[in-house]
Structures are given as C-alpha cells and as structure tokens.
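Listed below are the residues making up each chain.
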Amino acid sequence: MKTTNKNNRWILLAALFIWGCSGMGQKSANDYETEYYSFEMSGIICGYFETTKTLMNENEKKYLQVNDDVVMKLTVLGQGVDIHIQNRYKVDPETENYYYSYRNYNNGSVELISTTEVKDGKAFFTSNQENETKVFDLSDGVILESTYEVNHLIKDFIIGNEKEKTYKVFDNFRGDIVEKSYKFIQEEEIQLNGTHFSTILIEEIDHSMGTRINYWIDVPTHEVVKFTYSGRTICKSDASVKKKIQTVDFDDVIFAKVNKVITNVPEITYMKVKAKIKSDGTWITMESLNFPGQKFTGTVEDNLAEGIFEIEPIRYDGSNAPAFPYDYAIADSLKKYLEPESLIESDHPDIIKEAQEITKNAGDSWEAAIGLSKWVSDNIQGAIPGGTSAINTYKTRLGECGSHSRLLAAFCRAVGIPARLSIGCMYTTYYHGSFGQHAWTEIYMGDAGWVAVDATAEEIDYIDAGHIRLGELNSFMPIEMKILEYKIRGQEMSEVDDIVPDKYADLIGKYSIIEYNKIFEVLYTEGSLAVDIPGKAVLALNDADENGLYYPTATRQVNFRFERNEDGKIKAMWLQQLMPVSKKAEQESIADDTPENLQPYTGVYAFAPANIEILVSNNNGELYMSDPHTRTDTKLELNEEKGKWKLAVSNNEVSFEKDENGNVFQLNYYQNIYLTRGVLVSNFVEETIENSGVDEGINKYHQLKSENKRDCIFNELALNNLGYKYLSEDKKTEAIEIFKLNAEEYPDSWNVFDSLGEAYMKNGDKKEAIQSYRKSIKLNPENTGGKEMLAKLKSE
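Residues numbered from 1 in each chain as written. Predicted model: local features only at pLDDT ≥ 70, side-chain atom pairs only at ≥ 80, totals over all residues. Heavy atoms only, no water.

## Describing the sheet that holds strand β19 (residues 294-301)
What holds strands together in a sheet is hydrogen bonding between their backbones, with the strands either parallel or antiparallel.
And then number 1: Pairing within the open sheet is antiparallel, and its four strands lie in the order β19-β20-β18-β27. Each edge of the open sheet is held by one strand with a lone partner, namely β19 and β27 (477-488). On average, each strand axis in the sheet is tilted by 10 degrees relative to the strand beside it, whichever way the strands run.
And then number 2: Two strands pair when backbone bridges link them, and strand β18 (residues 268-278) and strand β20 (residues 304-311) are joined in this way by eight bridges, in the antiparallel orientation. Paired with Met271 across the two strands is Ile311, which belongs to β20. (Pairing = 2+ DSSP bridges. Helix = DSSP H or I, 4+ residues; strand = E, 2+ residues; numbered from the N terminus. Axes fitted to C-alpha atoms, helices over the stretch in contact; angles between N-to-C directions.)

Written as structure tokens, this is what we have:
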C-alpha cells in the first residue's frame, strides 16, 4: 500500500508517552546491570522503564543487545489504557551506534512497529503502517538517536563546554531526519531515590514537533538521570519501581474544567473563551489560530497561546459545492490531502469499496461528504483507545475522536475529496463543564474552502462553537480556561430560561441506583431536558422517540426511559448503555450437537478498552455467554419481537451484528440499569450522624418515615451498607446502632441479624453477638457463615 512520508501522525498516539525517551542509560559497554526509570504524571508513578544490556555474538561479530521495556497505566474518561513499548537495538561496541533497531508501541487496540537497518552510511526504515522502505542519507553528521545513549551531548556539552548546539537527528520511531537544538541551562545538584547526582541541565527543542525536553545528565557517569516534558517526569530508579506503579487519571491532563454547564452543546453558535494553552506538535502562530470562524487575540510564544478565543463557525449550506466526482482544480498545497498516509489508509481496498458504495448516488461533493460523515457517525461506536487507524476503526467499528476523524478523512480521500484532521479541544459537559482534547475533520469544498465537521459528536455537516482549533498535529495541554460568553442557536444568553414545560414536569427529580448509592438527577436547563450523571457529565436529551426512549444529543450509545406505577406517577428510570464487542475468533471446533441456527453466534468477542473477553457457546442446544458483569456463564433467551437475547439472570440484553455475507462480526451488549425515583434515606441519616451524632441520625430516619415523602427511599441494603461503612472506619457504636435500626425495620431478614452479630463480635459483645447469629440462623438455616461464627464464639 502506498503511503506518504507523514510519519508525524504516529505522534498523535505516542506524543504524551514517547517523546523524551532518549538517552536513559550511558554507562560503558562493560556495565550490564539492569537499569530502571520511573514515569511520573500528576504526582503519580504510573509507569516504568526497564533496560538490559547483553554482549552477544552473531556470525563471529560481537554486538551489544540493548532491550528497553516500557509499561504505563492510565485511564481516559474512565476507560483503562495500558501502554506497552519495546525498543530493541543491536549496537556496535566500538562506535556505540546501533546498526539495527526495532520499536513497538501497543496500547491494547493498535500496534505500531518500526525497524531501522543502518549500513553504508544510510538508514533503511520500515513500519507496519507502510509497505515501502524509506532510505535516509546519514552523511553530513546526522545523529542516530536512541534510548540508550546521548554521546553527542556528552561530547559537546560536558567535555566541550558548549552552550548551544543544533543537530540533525534521525528519529527511528517516526522515520524522519529532524532538527533539534540544545541549550545549556545550568549546573544542578539533585537527589533521586536517595542518591546524589552532580548534573548539568540541558534543554532540547524539536523543531519539527514544537516539543521541549529538559535533560539532567550526571557529569561523573555521563548518565541521563532525569528528564521532564509536558508535565511528565522520568527519573532514575531501581527494581522496586515495578511494584509502585498506579493508574493515573489522564483526564487531569487533557481536560480544563470551567465549571459552566451548557447542556445544549450542538446548538452553541458563538463562544468567547479566555485561555492559556500549551501545545506540542506543529508550531502554532497568531496566523494559524486566526481563520474564518475563529478569532484569537493575545500572544503566542513557544507554542503557548494566551489570550481570548472567539469562535463562531460558518455553517456551510452546500452552495456551489464541487461536482462529484470531485472536479475542482487541486492546488499543489492540497494534493497531500488526497494521498494515503500513516493511520489514514485511503488506498485500502475495503475503505475504497465502502466509500464508493456510500457515495454512489451523491449529487455533488458536499452531499458525498455528508453521506460519508453520517456513515462514520452512525456506525463507529465510541471507545477508548478504539481502532486508532482508519482501517482498524473500519474493521472494529470502534474508536475515539481521532479514530472517527481519520476514517472520515480516509473515506473522503478514497473518492477524491481532499480532507484532513483538525486538532484542538472541544467544550463538553464532562466534569460539570470542561474543554477536552479533541479531533475532528475538515473537508475541502472548493470556493468555500475548508469545512469542519465532527462525526464523533454527530455534527455530521458542521461543528458547534465549542471547538477551538490548534492545528493538524497538536496536543492540548490546558493551563487555564474560562467561558466569558456564549450563544445558543436562536437565543441570546439572556433569553434562555429554565421554566419547565408541562411534558417534562413529572420527570424532573432525583433517581438512585440503590446497590451503589449513585444519584442521578433529571433537570431542565437552557431549553433542554438533561440528566446529571454523578461525577461525570450532564447530558442534554432529545425528545422521546416512538419507543419512549430519550437519547442524549451527543451520543446514541446511551438512552433513558421512564417507568410509571399504576397511578401513572413516575416510579423509576431505566438507563441503557451499549457496549459494542467485536468478534475476535471462531471457536476451534463446534460441537456436533450445536443447532445450525446457533453456530454463527458462537465464538470469542473482545472489548479492548475494558480488557473484556466474552465467550458465546452452545450448551445442550442453547446459547450461553460469559457475562462480564455477573462473571458467570449465563443462558441467552431470544426475544424475537425485540430482536435481542435476554440474559437469564439479569436485565441485560445482547444482539448480534452481521455483515453483508451473513457472518456475525459484533456483539452488542446492552446494560440495563434500574434507578428508583428518590434519594436513599440512609444518605440523610449519614449526614445527620456526621453533623449531630448517631442518636440524631436515628431520629432523622423515624422523622422521614413518618412524613411519608414520595422521594425518600427506605431500603434494607442501603442501611446495611451504611453500617458496614462505619464498621470499616472502626466506628463500632455507630455501626451497631445502624444495624439495630435495620433489624427493627426488617425483622425477617437473616442478613441484617448476621451483620449485627458481626458488629457486636468486633465490639467484644459476645453475648449479644451469639443472640444475633442465632436469630440469623433461625431465619436462614443455610447461613453457613453464621454457623461458623457462632461455633467460634461458643468455643471461646
């Protein structure tokens, strides 16, 4: 497959993890102990580097084998992402330059591999994203950059006392020769992991990517013992670091909280934002931040933008759109946006075929582009990290914003329409109002120029004014942001009111997931019904569809419906969340007794973002699956009317997606969550206990019960959980009183008396504990745990 030389696209994946991994070890070739480095972000050690060196022989030639293994753990929007990186070098011991390198980046969803062979003064670079080998001339002093040495810096800055120096460097991950400048900052004494180092501090600037890295090189040993970049710190450590890593919440890095909830995001037509944003990637300038639809006033220095953004996107109506097939004269500067490149495989046969099918009836290029955008929006489910590359996203039907945007760009290019990625940030209701790193697509429409669309946000023919563009290849690292003003389509800010329409009046209120004591609130704000998801986001809802389902304006993977009692009053809300799970492999063999109609469904399905695998199999002529929520093998019961299979032991459902040949390629798992209207009384009891003591807390319970308020939920499990909360905090008096209250309220519950017995036992009240356990066993003779505890108490 043909690709262009845009390997900087790799950095969109690795930018926050790979940059700055050069020169971590610098001991002589005779020192072969394993070396370790810690990776820290937001004050948390979330990863480590492990480097080993071994002297080897190959065809009577000695070489040094250098192996780097990198592990990092983080979450993005609640989804776990584990990063694994391998670097392998064969090094000439005399020159200390490598003659072969292998680099592998794997985030659980995509694997990027590159290899480099060095011979006769040239570097031969290949990657799994390209079929062609690229050849680079290493003459004229090009430095072979690696993770194991920084000889050029030692020679010039430590031995030669240079203050500034610029080099041409071959980057064996991106496959490119780039220019990097280095500057001596100061000498510095530092302590790391209990060891003292006498270092010099050197600053690196990568002119191709706009990145800055600070290196601390130990003068006596010539080791890089520490470096920092983009808020990340990597330090020399020891083997114990492997046991110290924790998962870091990457949202703290890529989200700027503004504490302003605008529920109707798709209808934002104007926004004025005060911002201070740092970016790595292509260099941002005043000129690049100002274009039709976006105005920036302020300063830009060293990829730090500080000032005021005013965003008012121009909504294109398709006027004078180029014909289709695309017939607009393409300038040389635009031709690169028609070519395939790494992660945007527009020449892949599957992408070409699908794009041609989608656009076969298009009247012009804008109609074709909208059709492609709608297909991506409708068919690619949200997932982190997702497919990443265009073809992988197409095959898995999963992806985050970058995956959606690359696939749409690939589709457009496949049918001759210029398209590119646009990267910056987008306003979202996450964290009660924030800007988060985001990517979308720009499509060239002739005289109208570049038109932005956002298939991820279901804005298939426009973008809302919550989008701030930084460039084509940029990271978003917010320092401070504040919304100064905004407008909703058809309304001025002052016109928006929160008077609840009659059709929504009885839906407004709080709803609880009793098992987890999670409270959701349905509210009406800025002209829209919305749901406040605790600790996450406020989702504006469309009106109910013909099935009574309320879908958020921003996604089709979640919906809500309301349930009424016999009196017609709302008693509960159902939350349904869709998890698309791709079929991984067929079973090696299918049992002979498997009915023919069940055979297409059997197999292994994998959901990489959550590291979940689901096995669907035949069991005595019936379909079973391994349920990721109950962790049991569960029978599936077909509901032909709904076209879904219900899990026998829960409210959850599944359906299966088939391709044009009738082959199952995806399982859709529908998690159905029941929320009871109201708030658990245990919450009010707990609040009262914290403020006024346990006696007042018990009184509060009886007061609320006597008032018989509609939105108060009295529940045995919730009280029991509160009792165990106090027991875990060693507040035995509070725990006993709550368990006693629960036993009074639910005298037929064996579990309540079992819990009360446990609390008495931990408080040393042997007599009371024995009585409680006896009561529990009388109510449930199968309570083996209670019998064991009773026997233990009697033996003591």
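## Brief notes about the pairing of strand β14 (residues 224-229)
And then number 1: Of all six residues in β14, six are buried; the element is thus mostly enclosed.
And then number 2: As judged from the four bridges shared by strand β13 (residues 211-218) and β14, these two strands associate in the antiparallel manner. Note on β14: the bridge partner recorded for Asn214 is Thr228.
And then number 3: Taking the residues between adjacent antiparallel strands as the criterion, β13 and β14 are bridged by five residues, where His222 takes a positive phi near 65 degrees.
And then number 4: Across four bridges, β14 lies against strand β15 (residues 232-237) in antiparallel orientation. Each bridged residue has a counterpart across the sheet, and for Thr228 the counterpart in β15 is Thr233.
And then number 5: In sequence, β14 turns back onto β15 through a hairpin of two residues, with Ser230 there showing a positive phi of about 50 degrees. (Buried < 20%, exposed > 50% of the residue type's maximum accessible area, 1.4 Å probe, protein only.)

## Regarding unusual backbone geometry
And then number 1: The omega torsion of the bond from Phe324 to Pro325 falls at 5 degrees, within 30 degrees of zero and hence cis.
And then number 2: Following the sequence through the fold, Pro325 ends up in the loop between β20 and α5 (349-358).
And then number 3: Although it is not a glycine, Glu60 adopts a positive phi angle of roughly 65 degrees.
And then number 4: Assignment of secondary structure puts Glu60 in the loop between β2 (44-58) and β3 (61-76).
And then number 5: Phi at His432 takes a positive value of approximately 55 degrees, unusual for a residue other than glycine.

## Re the nonpolar core
Across soluble globular proteins, you tend to see nonpolar side chains buried next to one another.
And then number 1: In terms of nonpolar packing, the biggest core is built from 43 residues, with Phe39 and Ile217 touching the most fellow members.
And then number 2: In this structure Ile217 touches Val150, Leu153, Ile158, Ser198, Thr199, Ile200, Ile202, His222, Glu223 and Val224, once residues within four positions along its chain are discounted.
And then number 3: In this structure, Ile351, Ala414, Ala439 and Ile443 belong to the second largest nonpolar core, which totals 40 residues. (Core = buried A, V, L, I, M, F, W, Y, C linked by side-chain atoms within 4.5 Å. Contact = heavy atoms within 4.5 Å.)

## Notes on the side chain of Glu345
And then number 1: Following the sequence through the fold, Glu345 ends up in the loop between β20 and α5.
And then number 2: For the buried residue Glu345, which engages in no salt bridge, the nearest side chain bearing the opposite charge is Arg406, 8.3 Å off.
And then number 3: A polar side-chain atom of Glu345 sits 3.2 Å from the main-chain amide nitrogen of Ala390. (Lys, Arg positive; Asp, Glu negative; His and termini not counted. Salt bridge = Lys/Arg side-chain N within 4 Å of Asp/Glu carboxyl O. Polar contact = N/O pair within 3.5 Å; in protein donor to acceptor, adjacent residues only side chain to side chain.)

## Some points on helix α12 (residues 716-728)
And then number 1: A rise of 1.5 Å per residue sets the reference length of α12, with its 13 residues, at 18 Å; its end C-alpha atoms lie 18 Å apart and thus fit the reference within 8%.
And then number 2: Along α12, the positions that sit buried rather than exposed are Ala718, Leu719, Asn720, Leu722, Gly723, Tyr726 and Leu727.
And then number 3: Looking at the packing, one finds that the buried side of α12 touches β41 (679-680), α10 (681-692), α11 (694-707), α13 (732-745) and α14 (750-762).
And then number 4: Sitting at the head of α12, Asn715 places a side-chain oxygen 2.9 Å from the backbone nitrogen of Leu717.
And then number 5: Positive phi shows up at Asp730, right after α12, with a value of about 60 degrees. (Expected span 1.5 Å × (residues − 1).)

## Examining the pairing of strand β30 (residues 528-533)
And then number 1: Here β30 lies mainly inside the structure; six of its six residues are buried.
And then number 2: Taking every second residue as pointing to the same face, both faces of β30 are buried, with Ser528, Ala530 and Asp532 on one and Leu529, Val531 and Ile533 on the other.
And then number 3: In the sheet, strand β29 (residues 518-525) pairs with β30 via five bridges, with the strands oriented antiparallel. From the neighbouring strand, Thr525 faces β30, where its bridge partner is Ser528.
And then number 4: Counted along the chain from β29 to the antiparallel partner β30, the turn is two residues long, and its residue Glu526 has a positive phi close to 50 degrees.
And then number 5: The pairing of β30 with strand β31 (residues 537-540) spans four bridges and is antiparallel. Across the sheet, Asp532 pairs through a bridge with Val538, a residue of β31.

## Describing the environment of Leu793
And then number 1: Tracing the backbone through its elements, the reader meets Leu793 in helix α16 (residues 784-795).
And then number 2: Among the residues examined, Leu793 registers a relative accessible area of 3% and is labelled buried.
And then number 3: Considered as a pair, Leu793 and Met271 are 522 residues apart in the sequence and their alpha carbons are 68 Å apart.
And then number 4: Filtering out sequence-adjacent residues up to four positions away, Leu793 remains in contact with Met761, Lys766, Ala769, Ile770 and Tyr773.

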